[in-house]
Amino acid sequence: TVLNEFLLHHTMLLKKLSCSYHICVLLQTSFSFANVMYYLAKNPDKQQKLFEEIQQYVTDKDQPVTSNILNELRYLKACIKESMRYHQNTVECSS
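Counting restarts for each chain: residues are numbered from 1 in the order of the written sequence. Given that the model is predicted, a residue must reach a pLDDT of at least 70 before its local features are reported, and side-chain atom pairs must reach 80 or more before they are shown or counted; all residues, however, enter totals for whole chains, interfaces and linings. Excluding hydrogens and water, the side-chain values take into account all heavy atoms of the structure.

## Thoughts on the overall build of the protein
Thought 1: Secondary structure assignment for the protein yields four helices and zero strands.
Thought 2: Counting from the amino terminus, the protein carries its helices and strands in the arrangement α-α-α-α.
Thought 3: Exposure classes here rest on a 1.4 Å probe applied to the protein chains alone. A residue is buried below 20% of its type maximum, exposed above 50%, and partly exposed in between. Buried positions account for 15% of the 95 residues belonging to the protein.
Thought 4: Residue contacts are counted whenever heavy atoms from the two residues lie within 4.5 Å of one another. In the protein, 59% of the contacts between residues at least 6 apart in sequence involve partners at least 24 apart. For helices the rule is a DSSP run of H or I covering at least 4 residues; for strands it is a run of E covering at least 2, with both sets numbered from the N terminus onward.

## Brief notes about the pattern of salt bridges
Thought 1: The salt bridge criterion pairs a side-chain nitrogen of Lys or Arg with a carboxyl oxygen of Asp or Glu, the two atoms within 4 Å. One pass over the full model with this rule turns up three salt bridges.
Thought 2: Ionic pairing is found between Lys46 and Asp45, a salt bridge with its closest N-O pair at 3.1 Å.
Thought 3: In this structure, the salt-bridge partner of Glu72 is Arg74, at a minimum N-O distance of 3.8 Å.
Thought 4: Overall, Glu72 belongs to the partly exposed group, its relative accessible area being 35%.

## Here we look at the packing of aromatic side chains
Thought 1: Centre distance within 6.5 Å is the pairing criterion for rings of Phe, Tyr and Trp, where only the six-membered ring of Trp is used; planes under 30 degrees apart are then read as stacked, over 60 as edge-to-face, and the remainder as tilted. Taken as a whole and judged by the stated rule, the model has two aromatic pairs.
Thought 2: Where Tyr38 meets Tyr39, the ring centres are 5.1 Å apart and the plane angle is 70 degrees; that geometry is what we call edge-to-face.
Thought 3: Judged by its relative accessible area of 45%, Tyr38 falls in the partly exposed class.
Thought 4: Look at Tyr39 and you get partly exposed, because its relative accessible area is 23%.
Thought 5: Considering the side-chain rings of Tyr39 and Tyr86, the 5.5 Å spacing of their centres and the 35 degrees angle between planes classify their relative orientation as tilted. Taken together, the positions of Tyr39 in helix H1 (residues 2–42) and Tyr86 in helix H4 (residues 74–86) put the pair 47 residues apart, joining distant regions of the chain.
Thought 6: Here Tyr86 falls in the exposed class, since its relative accessible area comes to 54%.
Thought 7: A network of ring pairs unites the aromatic residues Tyr38, Tyr39 and Tyr86 as a single cluster.
Thought 8: Taking NZ or CZ as reference, Arg85 lies 4.8 Å from the ring centre of Tyr86, over its face. The criterion is that NZ of a Lys, or CZ of an Arg, lies within 6 Å of the ring centre and within 35 degrees of the ring normal, and then a charge sits over that ring.

Read these as layout, nothing more, since geometry by itself doesn't imply function.
As structure tokens, this is what we get:
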């Protein structure tokens with residue numbers, strides 16, 4: 001029927017848009033992470049400071065990093081924000 005075709009078409013369209021959205025989010029996250037790594041590599045003193053902060057809260061290599069630990073990593077948050085301030089990137093996605 002017409003209604004079934006309409007629903008099928010819109011369902012397929014929504015699935016395609018959802019997939020495109022997830023790919024855009026993944027790309028944006030990847031670019032942001034790469035920028036943080038780049039700026040840390042260019043600034044070994046900042047990299048060392050971040051390493052020491054992480055060691056303070058993550059004492060065992062098998063210890064899971066929880067949201068509570070992430071909330072304590074203030075220097076990590078500052079590094080991410082500074083990286084985003086220097087290099088504001090946007091991912092343009094189209095379907």
